[in-house]
Amino acid sequence: MDYLNEIALFVEVAQANGFSRAAAKLGMPQSTLSRHIAALEDALGLRLFNRSTRRLELTGAGAYYLERALPIVTEARLLHGTLDDMRENVKGALRVSLPVDLAYQMVAPLLPEFAERYPLLRLDFDVTPRKVDLVGEPFDLAIRTGTLADSDYIATPLATFSGCLYAAPSYLAERGEPQSPDGLAAHECLRFGTDGATWTLHNGDTRATVQPESRFGANSPGMIRQMAAAGLGIALLPEILVREDMAQGRLKAVLPDWQSEPTPVHALTATRLLTANVRAFVGFLRGRWAE
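As the structure is a prediction and not an experimental result, all values here were calculated from the model.

> Could you give an account of the packing of aromatic side chains, with specific residues and numbers?
Counting across every chain of the model gives 8 aromatic pairs. Taken together, a centroid distance of 5.4 Å and an interplanar angle of 50° make the contact between Phe10 and Phe49 tilted. In this pair, Phe10 is assigned in helix α1 (residues 3–16) and Phe49 in strand β1 (residues 49–51), connecting sequence segments 39 residues apart. Here Phe10 and Phe49 have matching classes, each one buried. Centroid distance Phe114 to Phe281: 5.2 Å. Interplanar angle 80°. Geometry classified as edge-to-face.

Given below as structure tokens:
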């Protein structure tokens with residue numbers, strides 16, 4: 001027997017002081033409600049109501065049962081109301097794990113707008129490259145870039161970013177501009193990650209593979225962006241990451257018809273049942289990154 005459901009029905013009948021009024025409030029047939037209460041009494045082995053054609057009264061056992069059951073039902077209603085509020089209203093706390101460069105370069109600049117839109121939400125960011133445990137650690141979601149490894153997490157696509165080539169005007173004035181991907185061999189091509197990583201570029205159906213060679217390399221897109229703006233070489237970076245540098249003239253596009261393979265960005269959650277807080281943050285990032 002579903003005792004919690006039967007207890008709730010019992011409380012409704014007791015508070016309405018009648019089966020017909022309680023059935024009308026609950027939107028169920030009176031006969032169905034009567035069967036539920038009879039089944040509860042059979043399970044308890046006690047009469048909870050004295051029934052007559054004119055009135056319905058609690059027995060001694062029924063009065064005691066109501067006294068103990070009412071706080072349980074009230075607390076359950078409050079609990080469900082709170083969870084409904086979490087599902088529908090953006091407020092409270094949201095804890096997000098995300099990579100360092102993504103946090104600094106692509107999320108932080110958007111936060112004033114998000115904070116103004118959702119003034120009741122508190123945001124806590126864990127800026128880390130490690131793979132957090134969304135079940136065992138107190139995170140609502142994690143944002144990750146690149147191809148995802150197989151896991152039990154739910155991945156929601158946020159964006160895909162293609163990389164383009166950029167360099168400082170001072171570098172290009174000194175070294176000249178390459179006219180094709182083959183021309184990159186004569187330039188300082190800032191290395192990302194480990195030695196041996198290649199750049200795969202495409203222009204429509206035409207593809208080219210470039211082995212970047214430079215004295216300078218880093219495992220941080222943000223640092224590579226800074227090195228390119230300082231005139232140290234040509235960088236392969238997402239367009240969204242360099243918009244301000246382009247607008248301010250610190251960087252210039254190189255071989256603008258050529259792009260890298262797109263890099264996906266996903267929001268990872270432990271469940272498909274998302275709170276309003278998670279839905280709001282994911283939807284906001286997806287919309288702003290699509291602009």
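Having seen the structure, we can now continue with the description.
> Quick rundown of the pattern of salt bridges? Include the residues and the values.
Using the criterion set out here, one finds 15 salt bridges in the structure. Of the charged contacts, one joins Arg51 and Glu41 as a salt bridge, the two residues approaching to 3.2 Å between their closest N and O atoms. Pair noted here: Arg51 is in strand β1 and Glu41 is in helix α3 (residues 30–44), with a separation of 10 residues, a long-range link. Of the residues examined, Arg51 reaches a relative accessible area of 33% and is grouped as partly exposed. Ionic pairing is found between Arg225 and Asp245, a salt bridge with its closest N-O pair at 2.5 Å. Placement of the pair is Arg225 in helix α8 (residues 221–229) and Asp245 in helix α9 (residues 243–247), with a sequence separation of 20 residues. The pair Arg225 / Asp245 is uniform in exposure class, with both members buried. Each of Arg225, Glu244, Asp245 and Arg250 takes part in a single network of salt bridges with overlapping partners.

> Please give an account of the packing of α1 against α3 that cites residues and values.
Contact geometry of α1 with α3 gives a least axis separation of 10 Å together with a crossing angle of 115°. Every pair of crossing elements has a handedness; the one defined by α1 and α3 is left-handed. Here Tyr3, Asn5, Glu6, Leu9, Phe10 and Val13 of α1 lie close against α3, whose contacting residues are Leu33, His36, Ile37, Leu40 and Ala43. Grouping the amino acids of the contact of α1 with α3 by side-chain chemistry returns 8 nonpolar, 2 polar and 1 charged.

> Help me get a handle on the pairing of strand β9 (residues 199–203), residues and values and all.
Working note: regular strand, side chains alternate between the two faces of the sheet. Pairing between β9 and strand β10 (residues 206–210): 5 bridges, direction antiparallel. Each bridged residue has a counterpart across the sheet, and for Leu201 the counterpart in β10 is Ala208. As consecutive antiparallel partners, β9 and β10 are separated by 2 residues, and within that stretch Gly204 has a phi angle of approximately 65°, a positive value. Bridge count for β9 against strand β14 (residues 259–260) is 2 bridges, and the pairing is antiparallel. Directly across from Leu201, in β14, lies its bridge partner Ser260.

Here is what the cut-offs are and how they apply
Residues numbered from 1 in each chain as written. Predicted model: local features only at pLDDT ≥ 70, side-chain atom pairs only at ≥ 80, totals over all residues. Heavy atoms only, no water. Phe/Tyr/Trp six-rings, centres within 6.5 Å; stacked < 30°, edge-to-face > 60°. Helix = DSSP H or I, 4+ residues; strand = E, 2+ residues; numbered from the N terminus. Buried < 20%, exposed > 50% of the residue type's maximum accessible area, 1.4 Å probe, protein only. Salt bridge = Lys/Arg side-chain N within 4 Å of Asp/Glu carboxyl O. Axes fitted to C-alpha atoms, helices over the stretch in contact; angles between N-to-C directions. Left-handed = near helix turned anticlockwise from the far one by under 90°. Contact = heavy atoms within 4.5 Å. Nonpolar A, V, L, I, M, F, W, Y, C, P; charged D, E, K, R; others polar. Pairing = 2+ DSSP bridges.

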